[in-house]
Amino acid sequence: MTEFRIEKDTMGEIKVPKDKFWGAQTQRSKENFKIGSEKMPKEVVNAFAILKRSTAIANERLGNLESEKAEAIAAVCDDIISGKYDEHFPLVVWQTGSGTQSNMNMNEVVANRATAYLKDKNSEFSIHPNDDVNRSQSSNDTFPTAMHVAAVLAVYKKLLPAIDQLRTTLDEKAKAYQEIVKIGRTHLQDATPLTVGQEISGWVYMLDRSKEMILESTEKMRELAIGGTAVGTGINAHPEFGQYVAEEISQLTGQTFNSSPNKFHALTSHDEITYAHGGLKALAADL
């Protein structure tokens, strides 16, 4: 039999399983959005952990967060990235528009574990999901930021190595079969001859061009919404907060990110992701 604890938020009390590290807002989403089985991708969860780690360090650098709290948040985020708490991120992709519930899922789990971390060190501090983990942030700028970070990392860690591996293999075949003649085909009929190597060389060039387009479009996703807070004005955040966070994310991931120069656009539009998706669609069509 599942045991529960009582969590509270502005909407009142709600039961949360005792062995889970999330809080009231995550539980409400879990109960109110019982739609499909498409869980929030781990890549996005990890990007959120990267973001929360970076915001804690940025707030510490700006004098807005105690160093003990920043250390605890960073340590827990490292654990999340390593996969230690995967089971504590249960939400599906079907949520309210800004993805508030996933942002709060991350805030609540980090606050829970970071408070335990501080307790083990006999610290007088505890961590609040909003006041500490979500300090200087809004779901409206964190979710677009996490999406961009997740997408850039997926392209560089997963997609590009796969393209390069396939390209190398095909290029070897193009050279090996350069002298083997075959019948060309156009409109489902025999046409003039070409070599097997020539045919495969076209596939090699397809991959080269697709990779170029993907790299070009991915560059546009290096600008981050973080620092815009709720509507793009940056209210309740230090003017340099966004750039400090971008610097921390860059250092942590090995990929260069920058704070978007116009947060009103960064919060409103996903055109950079749409543009990058075009490059992926071109690759899919070639494949």
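Residues numbered from 1 in each chain as written. Predicted model: local features only at pLDDT ≥ 70, side-chain atom pairs only at ≥ 80, totals over all residues. Heavy atoms only, no water.

Chemist: How would you sum up the packing of helix α2 (residues 42–61) against helix α6 (residues 139–176)? Please name residues and give values.
Modeler: It is the contact of α2 with α6, at a shortest axis distance of 8 Å, that shows an interaxial angle of 115 degrees. For the element pair α2 and α6, the recorded crossing hand is right-handed. For the pair α2 and α6, the contacting residues are E43, V44, A47, F48, I50, L51 and K52 in the first and T142, F143, T145, A146, V149, A150, L153 and K158 in the second. Of the residues that constitute the contact of α2 with α6, the class distribution is 10 nonpolar, 2 polar and 3 charged. (Axes fitted to C-alpha atoms, helices over the stretch in contact; angles between N-to-C directions. Helix = DSSP H or I, 4+ residues; strand = E, 2+ residues; numbered from the N terminus. Left-handed = near helix turned anticlockwise from the far one by under 90°. Contact = heavy atoms within 4.5 Å. Nonpolar A, V, L, I, M, F, W, Y, C, P; charged D, E, K, R; others polar.)

Chemist: Can you lay out the environment of R222 for me, pointing to particular residues and giving the numbers?
Modeler: Mapped onto the secondary structure, R222 falls in the loop between α7 (196–219) and β5 (223–224). Once the C-alpha coordinates of R222 and D9 are considered, the two residues, 213 residues apart in sequence, prove to be 35 Å apart. Beyond its immediate chain neighbours, meaning those up to four positions away, R222 contacts V152, Y156, Q255, T256, F257 and N258. Here Q255 takes part through its side chain, which lies 3.0 Å from a polar atom of the side chain of R222. In this structure the side chain of R222 is engaged in a polar contact, spanning 3.1 Å, whose partner is the backbone oxygen of T256. (Polar contact = N/O pair within 3.5 Å; in protein donor to acceptor, adjacent residues only side chain to side chain.)

Chemist: How would you summarise the packing of α2 against helix α8 (residues 241–253) if you had to cite specific residues and measurements?
Modeler: The contact between α2 and α8 brings their axes to 8 Å, and the two run at 125 degrees. It follows from the interaxial angle that α2 and α8 lie oblique. Two packed elements cross with a definite hand, and for α2 against α8 that hand is right-handed. Judged by residue contacts, I50, L51, R53, S54, T55, I57, A58, N59 and R61 of α2 engage F241, Y244, V245, E247, E248, I249, L252 and T253 from α8. Here the contact of α2 with α8 is composed, by residue class, of 9 nonpolar, 4 polar and 4 charged. (Parallel < 35°, antiparallel > 145°, perpendicular 65-115°, else oblique.)

Chemist: Tell me what's going on with the packing of aromatic side chains, and back it up with residues and numbers.
Modeler: Throughout the structure, instances matching the rule amount to 2 aromatic pairs. Seen from their ring centres, F21 and Y85 are 5.6 Å apart, and the 85 degrees between their planes marks the pair as edge-to-face. In this pair, F21 is assigned in the loop between β2 (12–17) and α1 (24–32) and Y85 in the loop between α3 (67–81) and α4 (100–120), connecting sequence segments 64 residues apart. The pair formed by F21 and Y85 is uniform in burial state, with each residue classed as buried. Over the ring of F4 we find K15; its NZ or CZ atom is 5.4 Å from the centre of that ring. Seen from the ring of F21, R113 lies directly overhead, with NZ or CZ sitting 3.9 Å from the centre. (Phe/Tyr/Trp six-rings, centres within 6.5 Å; stacked < 30°, edge-to-face > 60°. Buried < 20%, exposed > 50% of the residue type's maximum accessible area, 1.4 Å probe, protein only. Lys NZ or Arg CZ within 6 Å of the ring centre and 35° of its normal.)

Chemist: Residue-level account of unusual backbone geometry, with values.
Modeler: Despite not being glycine, H187 has its phi angle at roughly 50 degrees, a positive value. Structurally, H187 can be placed in the loop between β3 (181–186) and β4 (189–195). One non-glycine residue with positive phi stands out, namely T229, at about 50 degrees. With respect to the helices and strands, T229 occurs in the loop between β5 and α8. You can call T229 buried: its relative accessible area is 3%.

Chemist: Account for α1, with residues named and values stated.
Modeler: Structural remark: α-helix, 3.6 residues per turn; residues separated by three or four positions point the same way. The set of residues buried in α1 consists of A24, T26, Q27, R28 and S29. Where α1 is buried, its residues meet β1 (4–9), β2 and α4.

Chemist: Talk me through the pattern of salt bridges; I want residue IDs and the actual numbers.
Modeler: It is possible for side chains bearing opposite charge to pair when their charged atoms get close. A complete count under the given rule lists 22 salt bridges for this structure. For R53, the salt bridge is made with D78, and the minimal N-O distance between the two is 2.8 Å. Separated by 25 residues along the polypeptide, R53 in helix α2 and D78 in helix α3 bring together distant segments of the chain. Between D171 and R167 there is a salt bridge, and its shortest N-O distance comes to 3.6 Å. One end of the pair is D171 and the other is R167, both in helix α6 and 4 residues apart, which spans about a single turn. Residues joined in a network through salt bridges with shared partners are E66, K69, D132 and R135. (Salt bridge = Lys/Arg side-chain N within 4 Å of Asp/Glu carboxyl O.)

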